[in-house]
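# Secondary and tertiary structure notes
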Amino acid sequence: MTKVIKVMALGSLLAASALYGASTAACAGCHGQHFEKHAMGKSKIVKDMSKADILVALKGYKAGTYGGAMKGLMKGQVAALSDADMKAIAEMIKGGAGTATDKATSHAAAAAVAVSKVIDINAKVCDPERIKKEDLGNKKEVDETVLGLRKTSLFDENVAPQKIKEDRPAPGTAPKFERAYVNAPPMIPHSVEGLLPITKDNNQCLGCHMPDVAKGVGATPIPPSHFTNYRPTTVLKNGNLVKEGKVVGIQKGDMGNVSDIKLAKAKKLNHLYQGRYNCSQCHAPQANVKTAVGNTFKSDGLTDEFKSHSNLVNMMDDGVK
């Protein structure tokens, strides 16, 4: 995985990296190709701002003195931007070419971006020594404090949940996590502060993860399966419920026989299927905590390719005749 980091300026998702100090390619998803939009419906229209105003905003985000409700999110995301990076961003937004120094800074930063492997977040959980230690089958005597997940006396109900420190890196600055099994939904490696809740009308994930933007900003692209409607076409016709052209009926509460409807005809879309708008329903943010028990699960076929990629769209009909 190339650890590429994005910059989405002023009221949108800005990521902390000098690599994108002289690139505004990632901004279009929220601000528009010509910076003519209110990003997320909240930001100023950047094309109407002066270069000086853009610099004030970027520096204010870094100092934590600018940004209103989004201040906390923006501060973390621009923390690594230098003054030269911010100047280059302002130059690009206002149509300037930037100085030779700005270009040299950007090129040097691009060359310095490290290639990082995908992190296995289950490594410690699957540690053989831990598994052996926790295996009750190897013990001659089992104390009550090792039973269950609480790891304490069964008579002690004063067990507080483990405290979780929300200290994940800003979007664009975190290495990706390995998938737990083949075609598992990838977990979120970065902070989600300011990004939740996701609604059908406000989904900030799309600003970086849409396929046409993701490659340029180093994000995992939304897969083809999310641009496909797999649900059966259902209509009410002559008082009957018709699924995929077959009458299943609604007479007297009887839904009829649907066993012969093997698979709905997949309908490919040129937009994100709204049945999948709630990203965090499957893609969950992670925290660095010690699990209550070890994990002996091992996925079959989890090659290096599938640790960071999916072929789910090709497997949807697997096993269906």
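This write-up is about the structure you can find in this document. No experiment lies behind these values; they were computed from the predicted model shown.

## A few points about unusual backbone geometry
Keep in mind that most residues, glycine aside, have a negative phi and that most peptide bonds are trans. For the bond running from Leu-196 to Pro-197, omega is 0 degrees, close enough to zero to count as cis. For Pro-197, the position within the fold is in the loop between α6 (128-134) and α7 (206-209). The backbone of Asn-183 sits at a positive phi, close to 65 degrees, despite the residue not being glycine. The topology assignment puts Asn-183 in the loop between α6 and α7. Of note, the phi angle at Asn-238 is positive, near 55 degrees, even though the residue is not glycine.

## Considering the layout of surface pockets
Roughly 670 Å³ of volume is contained in the second largest pocket. The wall of the second largest pocket is formed by 24 residues, among which Ile-121, Asn-122, Ala-287, Asn-288 and Val-289 lie closest to the centre. Of the residues contributing to the lining of the second largest pocket, the split by class is twelve nonpolar, five polar and seven charged.

## Overview of the nonpolar core
Core analysis: the biggest nonpolar cluster contains 14 residues, and Val-46, Ile-54, Leu-58, Leu-81, Met-86, Ile-89 and Ile-93 have the highest contact counts within it. Mapped by element, the contributors of at least two residues to this core are α2 (51-63) and α4 (83-93). Here this core takes five residues from α2, the largest share from any one element. The next biggest cluster of nonpolar side chains, apart from the first, holds five residues, and it includes Cys-208, Val-213, Ala-214 and Val-217.

Cut-offs used in this document
- Residues numbered from 1 in each chain as written.
- Predicted model: local features only at pLDDT ≥ 70, side-chain atom pairs only at ≥ 80, totals over all residues.
- Heavy atoms only, no water.
- Helix = DSSP H or I, 4+ residues; strand = E, 2+ residues; numbered from the N terminus.
- 1 Å grid on protein atoms, 1.4 Å probe; cavity = no way out; pocket = protein on both sides within 12 Å on 5 of 7 lines; lining within 4 Å.
- Points joined across faces, edges and corners; volume = space filled by probe spheres on them.
- Nonpolar A, V, L, I, M, F, W, Y, C, P; charged D, E, K, R; others polar.
- Core = buried A, V, L, I, M, F, W, Y, C linked by side-chain atoms within 4.5 Å.
- Buried < 20%, exposed > 50% of the residue type's maximum accessible area, 1.4 Å probe, protein only.

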